[in-house]
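Coordinates in review
Single-letter residue listing:
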Protein chains: 2
Amino acid sequence: MDDLTEMLKGTLEGCVLEIIGGEETYGYAITRRLNELGFTDVVEGTVYTILLRLERNGFVRVAKRPSEMGPPRKFYALNEAGRAELATFWAKWEYMTSRIDKLKEGGR
Amino acid sequence: MDDLTEMLKGTLEGCVLEIIGGEETYGYAITRRLNELGFTDVVEGTVYTILLRLERNGFVRVAKRPSEMGPPRKFYALNEAGRAELATFWAKWEYMTSRIDKLKEGGR
DNA sequence: GCCCGGTACTCGGTGATACGTTGTACCGGT
DNA sequence: ACCGGTACAACGTATCACCGAGTACCGGGC
């Protein structure tokens, strides 16, 4: 699939929130997960900027833990604000997709 | 619905393409149409920048015609390249939404 | 005749976001 | 000792939607 970057703006952060909401995890693993999901072009640099933004905005709690496979990992988990943000994200997603699907169906 | 601007990036242009694809129309009317559709915050300035971009990228043919309700209007219609671009847009949209819905359903 | 609101388009600048690149650093296998 | 995989951070870049100001055409009310 060719370039999705513009279309992912505003939604990729939501995807990361959803992944973190599912289980406590870390940047490198999140990138792999997104790649498996089909977002093959998403690179680590992108995910880390999102994670730093989430941290700065107070949506996550962070714990640094050693790894057996390399350097230490920063594990992220949603806090209360993060769960609220995730809920608004899905609400917006639902709203937007329904309108666009309506437009696609030739909705007058 | 609160701010959708980030989420609309990359898709709003596709919406405009779809609207133009339906019938030859002009900027002001496209804005009204988007507002009716539910994208209430989309303003004229945004639509005009998209239209100029479409023109610059050779996706539309343009015809200026007088109006009985004010200044002359610039009518836009899709050309061959525009129809192709619209098709790719919907392909990307389909691709992206399916992946994200899978993520939402907890798809492993 | 004059202003005002609605119609219609253009242009310059702003902010947010994903991406590219580079750099740092830990680790195991050869 | 080197290399590839793991793991994070920081810089700059491009694109896009938005905002604001400006220009201009038109009809109706005063």
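Treat the numbers as computed from the prediction; the structure is a model and nothing was measured.

1. A closer look at the overall build of chain A
Helix and strand content of chain A: five helices and three strands. What you see in chain A, going N to C, is helices and strands ordered as α-α-β-α-α-β-β-α. Reported as C-alpha extents along the three principal axes, the dimensions of chain A are approximately 55 × 35 × 20 Å. Across the 108 residues that make up chain A, the buried fraction comes to 44%. Sequence separation of 24 or more characterises 47% of the internal contacts of chain A that already satisfy a separation of 6 or more. Element-wise, carbon and sulfur atoms account for 52% of the exposed surface of chain A, whose accessible area totals about 5,800 Å². Considering chain A, the positive charge centre built from 16 side chains and the negative charge centre built from 17 side chains are found 4 Å apart.

2. Here's the deal with the relation of the copies chain A and chain B
Relating one copy of the chain to the other takes a rotation about an axis and a shift parallel to that axis. Take chain A, turn it by 180°, move it 0.0 Å along the axis, and it overlays chain B with an RMSD of 0.0 Å. Classification of the inter-copy transformation places it as that of a two-fold axis. In terms of C-alpha distance to the rotation axis, chain A has lysine 9 of chain A as its closest residue, with the C-alpha 3.0 Å off the axis.

3. Overview of the protein's contact with DNA strand C
Arg53 of chain A together with Tyr28, Tyr48, Arg73 and Lys74 of chain B are the nearest of the 25 residues found near DNA strand C. For DNA strand C, the fraction of protein-proximal atoms (within 4 Å) that sit in sugar or phosphate groups is 80%. Take lysine 9 of chain A: an N or O atom from its side chain is 3.0 Å from a base oxygen of DNA strand C. Take threonine 46 of chain A: an N or O atom from its side chain is 3.1 Å from a phosphate oxygen of DNA strand C. Residue assignment for the surface near DNA strand C shows that the elements contributing at least two residues are helix H1 (5-8), helix H2 (12-22) and helix H4 (44-56) of chain A together with helix H3 (27-37), helix H4 (44-56) and strand E3 (73-78) of chain B.

4. Focus: the UniProt feature "domain: Transcription regulator PadR N-terminal" (unreviewed entry) in chain A
UniProt's feature table lists "domain: Transcription regulator PadR N-terminal" (unreviewed entry) at residues 16-87 of chain A, given in the numbering used throughout. In this annotation, residues 16-87 of chain A is assigned 54% helix and 19% strand; the end-to-end C-alpha distance for the span is 13 Å.

5. Some details on the sheet that holds strand E1 (residues 25-26) of chain B
Residue and element names in this part refer to chain B. Spatially, three strands are ordered E1-E3-E2 in an open sheet, and the strand pairing comes out antiparallel. Bordering the open sheet on either side are E1 and strand E2 (60-65), each of which pairs with just one other strand. Bridge count for E2 against E3 is six bridges, and the pairing is antiparallel. In the strand pairing of E3, valine 62 is matched with tyrosine 76. Most of the contacts of H4 go to E3, to which it runs at about 55°, and overall it touches E2 and E3.

6. What about the sheet that holds strand E3 (residues 73-78) of chain A?
Residue and element names in this part refer to chain A. On the basis of which strands lie adjacent, the open sheet formed by three strands has the order E1-E3-E2 and antiparallel pairing. One side of each edge strand has no neighbouring strand; the edge strands of this open sheet are strand E1 (25-26) and strand E2 (60-65). Along the sheet, H4 contacts E2 and E3; its crossing angle with E3, the most-contacted strand, is approximately 55°.

7. Focus: the interface of chain A and chain B
Frequently, the measure chosen for interface size is the accessible area that the parts lose on association. Listed by partner, the interface residues are 35 residues for chain A and 35 residues for chain B. Across the chain A/chain B interface, buried area totals approximately 3,600 Å², and carbon plus sulfur atoms make up 70% of it. Taken together, the links from chain A to chain B amount to two salt bridges. Glutamate 94 of chain B is the partner of lysine 104 of chain A in a salt bridge, and the nearest nitrogen-oxygen pair spans 3.5 Å. At the surface where chain A touches chain B, the tally comes to six residue pairs in polar contact (both at pLDDT 80 or more). Broken down by element, the residue count for the side of chain A that touches chain B peaks at 15 residues, all from helix H5 (residues 80-104) of chain A. In the side of chain A that touches chain B, the residues fall into 16 nonpolar, five polar and 14 charged.

8. Examining the packing of aromatic side chains
Aromatic ring pairs are defined here through the distance separating the ring centres and the angle between the ring planes. Enumeration over the complete set of coordinates arrives at five aromatic pairs over all chains. Here tyrosine 26 of chain B and phenylalanine 75 of chain B contribute two aromatic rings whose centre-to-centre distance is 5.2 Å and whose plane-to-plane angle is 65°, an arrangement assigned as edge-to-face. One end of the pair, tyrosine 26 of chain B, is in strand E1; the other, phenylalanine 75 of chain B, is in strand E3, and 49 residues separate them in sequence. Considered together, tyrosine 26 of chain B and phenylalanine 75 of chain B belong to a single accessibility category, that of buried residues. Of note, arginine 65 of chain A hangs over the ring of phenylalanine 75 of chain A, and the distance from its end group to the ring centre comes to 5.0 Å.

Conventions and cut-offs
Residues numbered from 1 in each chain as written. Chains lettered and ligands numbered in written order. Predicted model: local features only at pLDDT ≥ 70, side-chain atom pairs only at ≥ 80, totals over all residues. Heavy atoms only, no water. Helix = DSSP H or I, 4+ residues; strand = E, 2+ residues; numbered from the N terminus. Buried < 20%, exposed > 50% of the residue type's maximum accessible area, 1.4 Å probe, protein only. Contact = heavy atoms within 4.5 Å. Areas by Shrake-Rupley, 256 points an atom, 1.4 Å probe, with all protein chains shown as cover. Lys, Arg positive; Asp, Glu negative; His and termini not counted. Charge placed at Lys NZ, Arg CZ, Asp CG, Glu CD. Least-squares fit on C-alpha atoms with pLDDT ≥ 70 in both. Near = heavy atom within 4 Å. Polar contact = N/O pair within 3.5 Å; in protein donor to acceptor, adjacent residues only side chain to side chain. UniProt positions renumbered as here; feature names shortened; annotations may be inferred. Pairing = 2+ DSSP bridges. Axes fitted to C-alpha atoms, helices over the stretch in contact; angles between N-to-C directions. Buried area = accessible area lost by both parts, 1.4 Å probe. Salt bridge = Lys/Arg side-chain N within 4 Å of Asp/Glu carboxyl O. Nonpolar A, V, L, I, M, F, W, Y, C, P; charged D, E, K, R; others polar. Phe/Tyr/Trp six-rings, centres within 6.5 Å; stacked < 30°, edge-to-face > 60°. Lys NZ or Arg CZ within 6 Å of the ring centre and 35° of its normal.

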